[in-house]
Amino acid sequence: MTDQTSTLAELGLFTGAPQHDNFCRLGSLLPTRELTPSSTPHQWRTGDTIDLPDTYEFAGETKSFEDFFVETDTTALLVLEDGVIRHERYALTGGPEVPWISMSVAKSFVSALVGIAVAEGHIKSIDDPISDYVPVHPGSAYDGVSIRNVLQMSSGARWNEDYSDPTSDVFQLNAAMAGVGTLDDFVAGVIRENEPGTLCRYNSGDTQALASLVVRATNRSLTDYMQEKLYEPLGMTSPGAWLLDAAGMEVAFAGLNMTARDFAKLGELYRNGGEWHGNQVVPEQWVRDSVVPDAPYLQPGQPIVGTHRFEFGYGYQWWIPAGDHGEFSAIGVYNQFVYVDPTANATVVKLSSNRTYRTTDSESTNHDHETGAFIRAVINALRN
């Protein structure tokens, strides 16, 4: 057993063990590559603090806002309106300068980097086979599959995203992160199950393949490329870090560590069509295409996560809530959210360590959909 494997085992992920003491310090427990604060840091302005609601509605019930905040082990709740902080609250081990593990919020950052690499000509087209750039085994899941299908979690790869099942694909991916092989080796050998572009099955391996695409296409590490293309121009104020596998590859599907204030900058960037204070950081058309489910199998209620359908739709590594209101969100396990509502000029970050997450396959422990209702109640407070 490697030291990295031992450390991950000791965390007791998805067992019901409290994680707030861990999620703020994973960068000191595991190998990382550092992101350094921008030379032109952007500090959010602070406006009048809004009062958050006492209750919200979910599944036909009136629920306590405070009870949900506590029950999901919330460590940060940051509410921006027009780029101004309207509410900011920290609990447990959270704080304005405390880095937090992104979990799958990282996937949306990887998508942005793919879009930038396309715009810069490193990637010719997202209709190219990803295997034109990334070495894979002949006949395996990513052999001949378009980058677009991988972006939309529709690669056709066989996948089981059960974090508690030691035989699941995501468990094996985590083992590769911890030194049992490498992440690139894992990507190369994923097995095909379905016809690409016919089914959206949530698959962390797809994101790891996209990270390999960025690295191979640009001839740079994911950290180095992100430092130049996102971390520096967005004025990130605090150090960040990517977790690494034993070969030095970034754990792209989940391993980004940043503060709530810096996570919010990706939401604000996308809320503004990829523009940041006059600088087009991500192409506007890429942003538009990223947050629209453009096929029937991508519509809300169609994507499959684990054993069930998910109420949100899917774009290019972004989730789209039902209702056609223009909202979209980066979402990670343990209830990490960067939720954007352009109609309210709002970005909301919720960082959490919900200890019951994936102890069952039920919404009653995972609270993914309920977190969406909770955040919508926050945004409604801005409108009132």
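Everything below is about the structure shown above.
The numbering scheme is per chain: residues are counted from 1 as the chain's sequence reads. Local features in this predicted model are restricted to residues of pLDDT 70 or higher, and side-chain atom pairs are both shown and tallied only at a pLDDT of 80 or more, whereas totals for entire chains, interfaces and linings draw on every residue. To get the side-chain values, all heavy atoms of the structure are used, and hydrogens and water are removed first.

## A few points about the overall build of the chain
Right, on to step 1. When you go through the chain residue by residue, the secondary structure sums to 14 helices and 18 strands.
Right, on to step 2. Atoms counted for the radius of gyration: C-alpha only. Globule rule: 2.2 Å times residue count to the power 0.38. Relative to the compact-globule value of 21 Å for 384 residues, the chain shows a C-alpha radius of gyration of 19 Å, a close match.
Right, on to step 3. Overall, the C-alpha framework of the chain stretches about 55 × 45 × 40 Å when taken along its three principal axes.
Right, on to step 4. Whether a residue is buried, partly exposed or exposed follows from its accessible area with a 1.4 Å probe, protein chains only, as a fraction of its type maximum: under 20%, in between, or over 50%, in that order. Among the 384 residues that make up the chain, the fraction classed as buried is 59%.
Right, on to step 5. Note on contacts: a residue pair qualifies if any of its non-hydrogen atoms lie within 4.5 Å across the two residues. Of all intrachain contacts in the chain linking residues separated by at least 6 positions in sequence, the fraction that spans at least 24 positions is 67%.
Right, on to step 6. The method behind every accessible area is Shrake-Rupley, applied with a 1.4 Å probe, and residues are considered shielded solely by the protein chains displayed. Counting every atom, the chain has about 14,200 Å² of accessible surface; 48% of that belongs to carbon and sulfur.
Right, on to step 7. Two residue types count as positive, namely Lys and Arg, and two as negative, namely Asp and Glu; His and chain ends fall outside the count. Note on charges: their place is set at NZ of Lys, CZ of Arg, CG of Asp or CD of Glu. One way to put it: in the chain the 25 positive side-chain charges average out to a point 2 Å from where the 50 negative ones average out. The helix and strand labels rest on DSSP assignments: H or I over at least four residues marks a helix, E over at least two residues marks a strand, and numbering proceeds from the N terminus.

## Regarding the side chain of Asn203
Right, on to step 1. Structurally, Asn203 can be placed in the loop between α8 (183–188) and α9 (204–218).
Right, on to step 2. Here Asp206 takes part through its side chain, which lies 3.0 Å from a polar atom of the side chain of Asn203.
Right, on to step 3. Non-local contacts of Asn203, meaning those with residues more than four positions away in its chain, are made with Tyr142, Met153, Ser155, Ala157, Trp159 and Glu161. Pairs of N or O atoms within 3.5 Å make up the polar contacts considered here, provided that, within protein, one atom can donate a hydrogen while the other can accept it, and that residues adjacent in sequence are counted only when both atoms are side-chain atoms.

## Some details on the nonpolar core
Right, on to step 1. Working definition of a nonpolar core: buried Ala, Val, Leu, Ile, Met, Phe, Trp, Tyr and Cys residues. They are joined through side-chain atoms within 4.5 Å. Grouped together as the largest cluster of nonpolar side chains are 93 residues, with contacts concentrated most on Tyr142, Met226, Leu230, Tyr270 and Val282.
Right, on to step 2. Looking at this core element by element, the count peaks at eight residues for helix α5 (residues 106–119).
Right, on to step 3. Setting aside chain neighbours within four positions, we find Tyr270 in contact with Ala112, Val282, Trp286, Val287, Ser290, Val291, Trp318 and Phe328.
Right, on to step 4. Leu77, Leu298, Phe374 and Val378 belong to the second largest nonpolar core, which has 34 residues in total.

## Points about the environment of Cys200
Right, on to step 1. Note on placement: Cys200 falls in the loop between α8 and α9.
Right, on to step 2. For Cys200, the contacting residues outside a window of four places in its chain are Gln152, Met153, Ser154, Tyr297, Leu298, Gln302, Pro303, Ile304 and Tyr314.

## Points about the packing of α5 against helix α10 (residues 222–231)
Between two packed helices, what matters for the description is the angle formed by their axes and the separation of those axes.
Right, on to step 1. Packing of α5 against α10 brings their axes to within 11 Å, and their N-to-C directions diverge by 75°. With respect to α10, the element α5 is oriented roughly perpendicular. Contact with α5, carried on its side by Phe109, Val110, Ala112, Leu113, Ile116 and Ala117, involves Leu222, Tyr225, Met226, Lys229 and Leu230 of α10 and no other residues of that element. Axes, fitted as lines to C-alpha atoms, cover a helix only where it is in contact. Angles between the N-to-C directions of the axes lie from 0 to 180 degrees. Note that the term roughly parallel is reserved for angles under 35 degrees, roughly antiparallel for angles over 145, roughly perpendicular for angles of 65 to 115, and oblique for everything else.

## As for α5
For an α-helix, the turn length of 3.6 residues means that residues three or four places apart are oriented alike.
Right, on to step 1. Expected span, for any helix, means 1.5 Å times one less than how many residues it has. Across its 14 residues, α5 extends 20 Å between first and last C-alpha, which sits within 8% of the 20 Å expected from 1.5 Å per residue.
Right, on to step 2. In terms of burial, α5 is a largely internal element, twelve of the 14 residues being buried.
Right, on to step 3. Of all the residues in α5, the buried ones are Ala106, Lys107, Ser108, Phe109, Val110, Ser111, Ala112, Leu113, Val114, Gly115, Ile116 and Ala117.
Right, on to step 4. A positive backbone phi angle near 85° is found at Gly121, which sits one or two residues after α5.

## Here we look at the pairing of strand β3 (residues 55–58)
Right, on to step 1. Side-chain alternation along β3 places Tyr56 and Phe58 on a buried face and Thr55 and Glu57 on a face that remains uncovered.
Right, on to step 2. DSSP-based pairing: two strands are paired if at least 2 bridges between them are found. Once β3 ends, the chain turns through two residues before running back antiparallel as strand β4 (residues 61–64), passing Ala59 with a positive phi of about 55°.

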